[in-house]
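# A look at the structure
Residue strings, one per chain:
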Number of protein chains: 2
Amino acid sequence: MARPRSPLLSVDAIVTAALALVDETGDFSFPKVARRLGVSQSALYNHIANREHIVELMRGRVFATPAPVDCENLPWEEALRALVRTYRDCMVAHPRLVPLLITQTVQDLGVIGIYEDMAVVLERAGLARQAVVPAISAIDYLALGSALDLTGPEVVWAPPEGRFPALSRAIAGLGSVEERAEAAFAFGLDVLVAGVREQVLRTIH
Amino acid sequence: MARPRSPLLSVDAIVTAALALVDETGDFSFPKVARRLGVSQSALYNHIANREHIVELMRGRVFATPAPVDCENLPWEEALRALVRTYRDCMVAHPRLVPLLITQTVQDLGVIGIYEDMAVVLERAGLARQAVVPAISAIDYLALGSALDLTGPEVVWAPPEGRFPALSRAIAGLGSVEERAEAAFAFGLDVLVAGVREQVLRTIH
DNA sequence: ACCTGAACACCGTTCAAGT
DNA sequence: ACCTGAACACCGTTCAAGT
């Protein structure tokens, strides 16, 4: 069997298998993707260019789903919150993909579209032009970081007994990883929105 | 030559070689570290446990250097700013190490010490106890993200012509990667400090 | 204790060969 | 166009053997 009458493989099938592997094991490889699809390793190269390409396709898949935010008809604060929430939710659905996304330039137009939406909202809010990219970047760091935390173990910082009293106090009685990551995200988002509001007021007066 | 009269290798030498490789190439491997040190690959295992261990030792090395911040004698806002600055500076000195640090639990006591200092300052500022870890997390995301950005190419988001006007406007006339990462960090830090201040006021009244 | 060399089970990518 | 199988240059880790 060399060339089959109808293709055994497709870009979609490859991306699905790779993403499932990432969700289950935290990584993917060509041998494993090929094995899942019952195909030889080198066959993958008929549909994708290389490993980086698969990662970029996974990025596209993950950020393709969300319901669009109705930016124009919402007060800017609500629009921004909804956009950032949506953006983070996409990553929270596949937290183990985040480390792979982080080390690679964003080429997917869907994701760039989300940045565009944020830029529109921040502009409309009245944020100084040179502060728009810093604000989007800070938002990005927050969403990425708080999704990345879901990857880690129950206890990310494990301060040994006694030597770190303030940290131990702060950690005591905290919830699950999910709750803690959500709390950090909520805190950061509140603070960012408030910060943008203040910057806007200061620019006007 | 089997066992030499004085050891050819040391933990320090391994960490130095690995960190140099990361700085130069963005990654390290056992064969490459061994080649640098003129030694066989398996010899490394006489001094370190595994790859993860080397990464954790690099973390320790990178965060060991900074001059300690005099937290007690500074107003909390200045102390916090200095702490976060110092923390970020350590990573900015080795931005290509950040992707390796991010996927691994923090075990190094030096780094946990920095978190402890932040917890002390935030407690002293009067931040509600359950907000301390979220605040430190958000700070961490910001420092990590803005260091990570130094890794990327000159243009992280490359919006194609025309379709993303607000983003294109925002990007136009921005500085180098370093300047943009610094601007995002400065923006985020300002906003975080202001956010903590506001939370404190709200808790008191 | 500390090194070498061989071995093992993994990677990503290329390429000739087949239909 | 689309697949197989072999090949290549890489990985991390283990282990017997040597001093």
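Model, not experiment: these values are computed from the prediction. (Residues numbered from 1 in each chain as written. Chains lettered and ligands numbered in written order. Predicted model: local features only at pLDDT ≥ 70, side-chain atom pairs only at ≥ 80, totals over all residues. Heavy atoms only, no water.)

### What about the protein's contact with DNA strand C?
Residues and elements named next belong to chain B. As a matter of local geometry, DNA strand C sits amid 25 residues, with Arg 3, Leu 8, Ser 40, Ser 42 and His 47 nearest to it. Contact distances for DNA strand C include 2.6 Å between a phosphate oxygen and a side-chain N or O atom of His 47. Taken together, the residues of the surface near DNA strand C break down into 13 nonpolar, 8 polar and 4 charged. (Near = heavy atom within 4 Å. Polar contact = N/O pair within 3.5 Å; in protein donor to acceptor, adjacent residues only side chain to side chain. Nonpolar A, V, L, I, M, F, W, Y, C, P; charged D, E, K, R; others polar.)

### Some details on the environment of Gln 130 of chain B
Residue placement: Gln 130 of chain B occurs in helix α7 (residues 129-148). C-alpha separation for the pair Gln 130 of chain B and Glu 182 of chain B, spaced 52 residues apart in sequence, amounts to 29 Å. (Helix = DSSP H or I, 4+ residues; strand = E, 2+ residues; numbered from the N terminus.)

### Quick notes on the interface of chain A and chain B
Of the residues lining the interface, 56 residues belong to chain A; the matching set on chain B comes to 56 residues. Between chain A and chain B lies a buried interface of about 4600 Å² when both sides are counted; carbon and sulfur atoms form 76% of it. Considering only the surface of chain A that becomes buried against chain B, Tyr 141, Trp 157 and Phe 187 of chain A emerge as the three largest contributors, covering 18% of it. Inspection of the chain A/chain B interface yields 2 salt bridges. At the junction of chain A and chain B, the tally comes to 8 residue pairs in polar contact (both at pLDDT 80 or more). Of all the elements in the fold, those that place two or more residues in the side of chain A that touches chain B are α5 (98-102), α6 (109-125), α7 (129-148), α8 (165-171) and α9 (177-204) of chain A. Ranked by residues supplied to the side of chain A that touches chain B, first place goes to α7 of chain A with 15 residues. For the side of chain A that touches chain B, the per-class residue count stands at 39 nonpolar, 9 polar and 8 charged. (Contact = heavy atoms within 4.5 Å. Buried area = accessible area lost by both parts, 1.4 Å probe. Salt bridge = Lys/Arg side-chain N within 4 Å of Asp/Glu carboxyl O.)

### Some words on the nonpolar core
Phe 28 and Met 58 of chain A together with Phe 28 and Met 58 of chain B are the most contacted members of the largest nonpolar core, which totals 147 residues. Beyond its immediate chain neighbours, meaning those up to four positions away, Met 58 of chain A contacts Val 15, Ala 18, Leu 19, Val 22, Phe 28, Leu 97 and Leu 100 of chain A. (Core = buried A, V, L, I, M, F, W, Y, C linked by side-chain atoms within 4.5 Å. Buried < 20%, exposed > 50% of the residue type's maximum accessible area, 1.4 Å probe, protein only.)

### Quick word on the packing of helix α6 (residues 109-125) of chain B against α7 of chain B
Residues and elements named next belong to chain B. Interaxial distance between α6 and α7 falls to 10 Å at its minimum, and their mutual angle equals 130°. One finds that α6 runs oblique with respect to α7. Of the two elements, α6 crosses α7, and the hand of that crossing is right-handed. Along its contact with α6, which presents Tyr 115, Met 118, Ala 119, Leu 122 and Glu 123, the element α7 presents Arg 129, Val 132, Ala 135, Ile 136, Ile 139 and Asp 140. The residue makeup of the contact of α6 with α7, split by class, is 8 nonpolar, no polar and 3 charged. (Axes fitted to C-alpha atoms, helices over the stretch in contact; angles between N-to-C directions. Parallel < 35°, antiparallel > 145°, perpendicular 65-115°, else oblique. Left-handed = near helix turned anticlockwise from the far one by under 90°.)

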